[in-house]
Amino acid sequence: MSVETKERLITAASTVLRTQGYGKASARTIAKEAGVNSALVFYHFGGVDPLLFAALDRSSAERMARHTATVADARTLEELAERATRIYRDDLDGGHITLLSELVAAAVAKPELREEIRVRVEPWMAFMEETLERVIGGTPLARLTPPRDLANAAVVFYLGVNLFTVLDADRTRTESVFSMVRRLAPRAGLLARRVPVRFGRARGFGRARRRAR
């Protein structure tokens with residue numbers, strides 16, 4: 001029963017945070033949504049903020065599995081740009097952007113929340129870096145802009161998009177940014193081409209020299 005109660009509280013916390021915002025996410029409001037006593041918020045989670053982060057954690061775990069599959073077959077920057085657009089739309093429609101935005105905004109006034117958010121961003125930083133390394137690693141583009149730096153830029157951009165969606169009700173401005181990224185991807189892709197033939201040519205040249213001797 002306690003596992004079921006915890007799951008109901010996490011689901012309720014996610015709903016309240018997405019629909020009413022951090023400011024109204026009290027123990028009483030969340031417990032009412034879950035249909036349980038508000039004391040159980042403190043019994044199971046120790047407070048409202050840990051419960052809200054539990055809701056974010058569950059959402060993040062689900063998204064990590066889904067988005068890992070989304071980018072698994074991406075081999076070019078063009079494909080990666082298309083997958084990034086799909087991920088953004090999926091997160092927005094699923095409410096995750098709202099969950100994260102509310103907690104990031106709350107961290108402005110509550111510094112104690114900042115470290116909790118930072119540690120939850122790190123797995124996504126690693127996910128982005130690993131994906132970029134797979135797509136552009138060993139290319140001129142990776143030497144110009146290392147995957148780690150691009151992952152940092154992606155996280156900063158994504159957090160900015162999270163907050164800007166509050167002002168972009170019809171999504172036109174954020175969609176235009178993703179559209180621009182998709183247009184630029186083929187040009188950047190010219191720097192992301194691997195040229196493995198050099199090694200083969202070098203070996204062939206070496207054999208030619210040996211034959212000449």
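Our subject is the structure listed above.
So, here's what we can say about the structure. (Residues numbered from 1 in each chain as written. Predicted model: local features only at pLDDT ≥ 70, side-chain atom pairs only at ≥ 80, totals over all residues. Heavy atoms only, no water.)

1. Topic: the packing of aromatic side chains
Given two aromatic rings, their pairing is described by the distance between the two centres and the angle made by the two planes. Our working rule: By convention, a stacked pair of Phe, Tyr or Trp rings (six-membered ring in the case of Trp) has centres within 6.5 Å and planes under 30 degrees apart, an edge-to-face pair has planes over 60 apart, and any other such pair is tilted. Put simply, DSSP marks the helices as runs of H or I at least four residues long and the strands as runs of E at least two long, and each gets a number from the N terminus on. Criterion for a charge above a ring: Arg CZ or Lys NZ at most 6 Å from the ring centre, at most 35 degrees from the ring normal.
In total, this model carries three aromatic pairs according to the counting rule given. Relative to Phe178, the ring of Phe157 has its centre 5.6 Å away and its plane inclined at 70 degrees; by these criteria the two rings are edge-to-face. Here the residue Phe157 occupies a position in helix H9 (residues 147-164), and Phe178 occupies one in helix H10 (residues 172-189), the gap between them amounting to 21 residues. Pairwise contacts between aromatic rings join Tyr88, Phe157 and Phe178 into one cluster. The ring of Phe45 carries Lys6 above its face, with NZ or CZ at 5.8 Å from the centroid.

2. Describing the environment of Ile10
To keep it simple, the criterion reads: Contacts are residue-level and defined by heavy atoms, with any inter-residue pair within 4.5 Å sufficient.
Relative to the helices and strands, Ile10 is located in helix H1 (residues 2-19). In the structure, Ile10 is positioned 31 residues away from Val41 in sequence and 9.5 Å away in space, judged by C-alpha atoms. When neighbours within four sequence positions are excluded, Ile10 is seen to be in contact with Phe45, Leu51, Ala54, Ala55 and Arg58.

3. Re the packing of H9 against H10
Worth spelling out the cut-off: Angles shown run from 0 to 180 degrees and are taken between the N-to-C directions of axes, each axis being a line fitted to C-alpha atoms and, for helices, limited to the stretch in contact. To sort the angles, those under 35 degrees are grouped as roughly parallel, those over 145 as roughly antiparallel, those from 65 to 115 as roughly perpendicular, and the leftovers as oblique. Crossings are classed by handedness, with left-handed meaning an anticlockwise turn of the near helix from the far one by less than a right angle and right-handed meaning a clockwise turn. Each residue gets one of three labels, nonpolar for Ala, Val, Leu, Ile, Met, Phe, Trp, Tyr, Cys and Pro, charged for Asp, Glu, Lys and Arg, and polar for the others, Gly among them.
Packing of H9 against H10 brings their axes to within 10 Å, and their N-to-C directions diverge by 155 degrees. One way to sum up the angle between H9 and H10 is to call them roughly antiparallel. Helix-helix and strand crossings are classified by hand; for H9 and H10 the assignment is left-handed. Along its contact with H9, which presents Phe157, Val161 and Phe164, the element H10 presents Arg173, Thr174, Val177 and Phe178. For the contact of H9 with H10, a count of residues per class yields five nonpolar, one polar and one charged.

4. Some thoughts on the side chain of Ser60
Rule in force here: Only protein chains enter the calculation, and the probe is 1.4 Å; a residue is then buried if its accessible area is under 20% of its type maximum, exposed if over 50%, and partly exposed in between.
One can find Ser60 in helix H4 (residues 48-71). For Ser60, a relative accessible area of 15% puts it in the buried group. Ser60 has contacts with His96 and Trp124, leaving out every residue within four places of it along the chain.

5. A few points about the environment of Ile97
For Ile97, the position within the fold is in helix H6 (residues 96-109). You can call Ile97 buried: its relative accessible area is 1%. Along the sequence, Ile97 and Ser38 sit 59 residues apart, while their C-alpha atoms lie 26 Å from each other. In this view, Ile97 contacts Tyr88, Asp91, Leu92, Tyr158, Asn162 and Thr165; residues no more than four positions away in its chain are not counted.

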